[in-house]
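Now for the letters of each chain:
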Amino acid sequence: MKKITASAPGAYVNGPTNTSEPLGGQPAWFVNGEAYVADNHPFVRYAETMAGYTVSTAASAPQAYTDAVAAMKADGVLRQGSQLRDGAVDPQPGDNFTRLP
């Protein structure tokens, strides 16, 4: 089993990763910046090549981690983020960009 630690200065990473095709629909679930996945999980390779992640070997996932993941799944947490919207085409109050005169 692999333990993946994400560095997120000032905040913890919680919830599932993207479930896109490269991950085969299998998210890595982060709880307080840590995820535990099988040795052959597709996210391991990604984490090993990207800055901001540390990958180490773990005997098993702690019970507190598995309980937190089960609670997120029960609450219906399915993805992070939101649908994309083009702010130039469909501007909304609160959009964070500078308009040129």
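Right above here is the structure, for reference.
> Can you explain the environment of Tyr-36? Please cite residues and give values.
Take Tyr-36: it is sitting in strand β4 (residues 34–37). Assessed through its relative accessible area of 12%, Tyr-36 is described here as buried. C-alpha separation for the pair Tyr-36 and Met-1, spaced 35 residues apart in sequence, amounts to 6.8 Å. When sequence neighbours within four positions are dropped, the list of residues in contact with Tyr-36 reads Met-1, Lys-2, Lys-3, Trp-29, Ala-58, Ser-60, Ala-61, Pro-62 and Tyr-65. At a separation of 3.4 Å, a polar atom in the side chain of Tyr-36 contacts the side chain of Glu-34.

> Kindly report on the packing of aromatic side chains, identifying the contributing residues and their values.
As enumerated under the stated definition, the model contains 6 aromatic pairs in all. With a centroid separation of 5.3 Å and an interplanar angle of 40°, the aromatic rings of Phe-43 and Tyr-46 are classed as tilted. Here Phe-43 pairs with Tyr-46, and both are found in helix α1 (residues 42–49), just 3 residues apart, close to one helical turn. Given a relative accessible area of 4%, Phe-43 falls into the buried group. A relative accessible area of 38% means that Tyr-46 is categorised as partly exposed.

What counts and what doesn't
Residues numbered from 1 in each chain as written. Predicted model: local features only at pLDDT ≥ 70, side-chain atom pairs only at ≥ 80, totals over all residues. Heavy atoms only, no water. Helix = DSSP H or I, 4+ residues; strand = E, 2+ residues; numbered from the N terminus. Buried < 20%, exposed > 50% of the residue type's maximum accessible area, 1.4 Å probe, protein only. Contact = heavy atoms within 4.5 Å. Polar contact = N/O pair within 3.5 Å; in protein donor to acceptor, adjacent residues only side chain to side chain. Phe/Tyr/Trp six-rings, centres within 6.5 Å; stacked < 30°, edge-to-face > 60°.

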